[in-house]
Amino acid sequence: MSQVKPLQFAYWVPNVSGGLVISQIEQRTRWDAEYNRELAKIAERAGFDYALTQIRFTAGYGADNQHESVTFSQDLLSHTTKLKVIAALLPGPWNPTLAAKQIATISHLYGPRIAVNIVSGWFRGEFKAIGEPWLDHEERYLRSEEFIRCLRGIWRESSFSFAGDFYRFRDYALKPKPLDPLPEIFQGGSSRAARDMASRVSDWYFTNGNTPQGVRQQVDDIRAKAAVNQHAVKIGLNGFVIARESEQEAQAVLQEIIAKANPDAVKGFQHEVKNAGSASPEGEGNWAKSSFEDLVQYNDGFKTNLIGTPQQIAERIIEQKRAGVDLLLLAFLHFHEEVEFFGREVIPRVHELERQEALNAVTV
Ligand SMILES: Cc1cc2nc3c(=O)[nH]c(=O)nc-3n(C[C@H](O)[C@H](O)[C@H](O)COP(=O)(O)O)c2cc1C
């Protein structure tokens with residue numbers, strides 16, 4: 001495996017209620033601390049590299065209860081030893097001063113296993129509810145980019161100064177700095193503004209579920225721009241996994257999820273995200289082209305098509321890797337048992353296929 005760069009795996013922390021699909025199908029997934037602590041331990045044993053906590057202040061599609069991301073991430077770190085935990089941060093409610101300080105302290109408490117996911121906001125009603133001004137799409141990304149530049153500057157520089165449109169610092173010396181390596185900076189979103197930001201400042205670009213062709217277009221765009229900016233960025237792709245002994249069984253579960261979708265909640269979500277998607281000037285943001293069925297998994301996870309037998313899923317994951325994906329961010333119906341099953345049945349198959357690809361590359 002020496003030349004193989006293995007794909008990495010992350011899972012969505014269900015720190016919001018209702019699971020990861022907007023459906024009345026039975027979901028043996030809970031959003032409380034006890035369930036999530038156990039899940040983090042299972043995921044760590046199963047070979048997952050990262051867990052991603054979500055941030056919602058209000059949701060409006062059935063996720064009525066939401067635990068806050070940084071506090072929750074810290075708790076998961078305290079119950080694991082290897083797993084890296086990515087805490088979502090929304091500029092606006094968070095400013096870089098507080099975020100840089102919080103994350104530096106967490107890095108000292110648990111070792112350098114904390115990372116952040118900068119999200120830019122998609123739900124106008126949420127901003128209204130918490131008294132945050134609703135910026136237009138491009139301004140949200142301008143702010144997020146400044147936020148990332150400030151976080152990294154505060155963490156790296158002994159005396160940090162910055163004069164932006166949203167944030168200002170003068171000779172600020174954060175002490176202690178986070179432990180090395182510095183916390184990785186992820187970002188979530190798929191519009192042109194998101195891709196441009198990734199090509200300039202982020203360590204990782206997280207995008208909604210997609211086909212290998214759809215992923216490839218984004219990767220080509222980001223990598224071409226990143227090369228001009230002399231910046232390196234890795235790609236994380238969302239996918240909803242239904243791994244079963246037979247393909248028919250897996251497809252039947254998908255059909256049941258969609259048949260039992262909560263139409264009002266999905267339509268409410270659709271209304272909000274279509275606004276958010278079309279708010280990006282080129283109309284290519286997350287959800288801009290999503291159907292009702294796609295939106296039942298609220299980050300388009302069915303589009304990645306990780307639905308079938310373990311072998312089919314492993315092969316499709318390798319196709320996504322060929323399209324440029326470095327990390328799969330995964331959601332499941334019944335997290336405890338399915339994360340364990342995925343670690344046992346799918347991850348080893350992915351690594352085996354990676355080994356074969358590397359051997360083929362050497363012998364060709
Ligand atoms: C993997 C991933 C995770 C996200 N997590 C959150 C989150 O926790 N909270 C949130 O408000 N938005 C979250 N978002 C939404 C994005 O930050 C962004 O607001 C949305 O995708 C619209 O941006 P776009 O127009 O660039 O696609 C996430 C997006 C992705 C792809």
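Report follows, based on the coordinates. As the structure is a prediction and not an experimental result, all values here were calculated from the model.

## Topic: the site of the ligand
Okay, so step 1: Near the ligand, the surroundings consist of 25 residues, among which Val119, Gly188, Gly189, Ser191 and Gly285 are the closest.
Okay, so step 2: Those elements that provide at least two residues to the shell around the ligand are helix 6 (192-200) and strand 8 (204-207).
Okay, so step 3: Its residues assigned to classes, the shell around the ligand shows 10 nonpolar, 14 polar and 1 charged.

## A short note on the pairing of strand 3 (residues 84-89)
Okay, so step 1: Most of strand 3 is tucked away, with 6 of its 6 residues classed as buried.
Okay, so step 2: Bridge analysis of strand 2 (residues 50-53) against strand 3 gives 4 bridges, and the strand direction is parallel. Bridge assignment links Thr53 to a residue of strand 3, and that residue is Ala87.
Okay, so step 3: A crossover links strand 2 with its parallel partner strand 3, the connecting element being helix 2 (residues 69-78), and its sense is right-handed.
Okay, so step 4: Looking at chain direction, strand 3 and strand 4 (residues 114-119) are connected through 5 bridges and run parallel. Within strand 4, the position partnered with Leu89 by the bridge is Ile118.
Okay, so step 5: Handedness of the crossover joining strand 3 and strand 4 through helix 3 (residues 96-110): right-handed.

## Overview of the packing of helix 1 (residues 33-46) against helix 12 (residues 335-345)
When two helices pack together, their arrangement is captured by the angle between the axes and the distance separating the axes.
Okay, so step 1: Packing of helix 1 against helix 12 leaves a shortest axis separation of 8 Å and a crossing angle of 5 degrees. By the angle between their directions, the pair helix 1 and helix 12 is classed as roughly parallel. Taken together, the residues of helix 12 that come into contact with helix 1 (itself represented by Glu38, Leu39, Ile42, Ala43, Arg45 and Ala46) are Phe335, His336, Val339, Glu340, Phe342 and Gly343.
Okay, so step 2: Grouping the amino acids of the contact of helix 1 with helix 12 by side-chain chemistry returns 7 nonpolar, 2 polar and 3 charged.

Parameters and conventions
Residues numbered from 1 in each chain as written. Predicted model: local features only at pLDDT ≥ 70, side-chain atom pairs only at ≥ 80, totals over all residues. Near = placed C-beta within 6 Å. Helix = DSSP H or I, 4+ residues; strand = E, 2+ residues; numbered from the N terminus. Nonpolar A, V, L, I, M, F, W, Y, C, P; charged D, E, K, R; others polar. Buried ≥ 20, exposed ≤ 12 C-beta atoms within 10 Å, placed from the backbone. Pairing = 2+ DSSP bridges. Right-handed = clockwise from strand over helix to strand, strands pointing away. Axes fitted to C-alpha atoms, helices over the stretch in contact; angles between N-to-C directions. Parallel < 35°, antiparallel > 145°, perpendicular 65-115°, else oblique. Contact = placed C-beta atoms within 7 Å.

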